[in-house]
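Residues per chain are reported as follows:
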Amino acid sequence: MIHLNIIVKGTVQGVFFRASTRLKALELGIKGYVENRADGSVYIEAEGTKTQLEEFITWCSNGPEHAFVEEIIEQEAPLINYMDFIIRR
């Protein structure tokens, strides 16, 4: 299992990015959370296998229909062992 901290920048708030991210995470079996940040970005902590997270990052690169993703920053971090995937804030 791998833990990634992910920042998604662009037009990613007000376009159902968080809700869509949660659905995709649940579909892939990823645990963690997603939240909006004050700077207009979306922050995600995601835990899963390398394959699951690669597919998740690919999805995040596009996001839902009305999102426009300009940049994704990802950083590996220590495993937290989340039990679910939730939306914060």
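Residues numbered from 1 in each chain as written. Predicted model: local features only at pLDDT ≥ 70, side-chain atom pairs only at ≥ 80, totals over all residues. Heavy atoms only, no water.

## A short note on the overall build of the chain
Filter applied, for reference: Strands are runs of DSSP state E lasting at least two residues, helices are runs of H or I lasting at least four, and both sets are numbered from the N terminus onward. Radius of gyration: over C-alpha atoms. The globule rule applied is 2.2 Å multiplied by the number of residues raised to the 0.38 power. Per-residue accessibility, obtained with a 1.4 Å probe over protein chains only, is compared with the maximum for each type, and a residue is labelled buried under 20%, exposed over 50%, and partly exposed between these values. Surface accessibility in these figures is a Shrake-Rupley result with a 1.4 Å probe; residues are shielded only by whichever protein chains are displayed. Counting rule for charge: Lys and Arg are taken as positive, Asp and Glu as negative, and neither His nor the chain ends is counted. A single reference atom marks each charge: NZ on Lys, CZ on Arg, CG on Asp, CD on Glu.
A count of helical and extended segments in the chain gives two helices and five strands. Helices and strands in the chain line up, N terminus first, as β-α-β-β-α-β-β. Taking 2.2 N^0.38 as the reference for a compact globule, 89 residues should give roughly 12 Å; the C-alpha atoms of the chain span a radius of gyration of 12 Å, in line with that estimate. Projected onto its principal axes, the C-alpha positions of the chain cover 30 × 25 × 20 Å. Expressed as a percentage of its 89 residues, the buried residues of the chain come to 43%. By element, 51% of the accessible surface of the chain is carried by carbon and sulfur atoms, the whole surface being about 5100 Å². Across the chain, the 9 positively charged side chains and the 13 negatively charged ones have centroids separated by 5 Å.

## Thoughts on helix 2 (residues 50–60)
This is how it is decided: Each direction from the helix axis to a C-beta atom contributes to the arc, which is the arc of those directions. Working rule for contacts: check all heavy atoms of both residues, and any pair within 4.5 Å makes them a contact.
Buried within helix 2 we find Gln52, Leu53, Phe56, Ile57, Trp59 and Cys60. Taken around the axis of helix 2, the buried residues stretch over an arc of 155°, which confines them to a single face. Opposite the buried face of helix 2, by more than 90 degrees, sit the exposed residues Lys50, Thr51 and Thr58. Of the surrounding secondary structure, the elements contacted by the buried residues of helix 2 are strand 1 (2–11), helix 1 (17–28), strand 3 (42–48), strand 4 (68–77) and strand 5 (85–88).

## Some details on unusual backbone geometry
Here Phe16, not a glycine, exhibits a phi torsion of approximately 65°, which is positive. Locating Phe16 in the fold gives a position in the loop between strand 1 and helix 1. In the Ramachandran plot, Asn81 falls in the positive-phi region, its phi being about 70° despite a non-glycine side chain. Relative to the assigned elements, Asn81 resides in the loop between strand 4 and strand 5.

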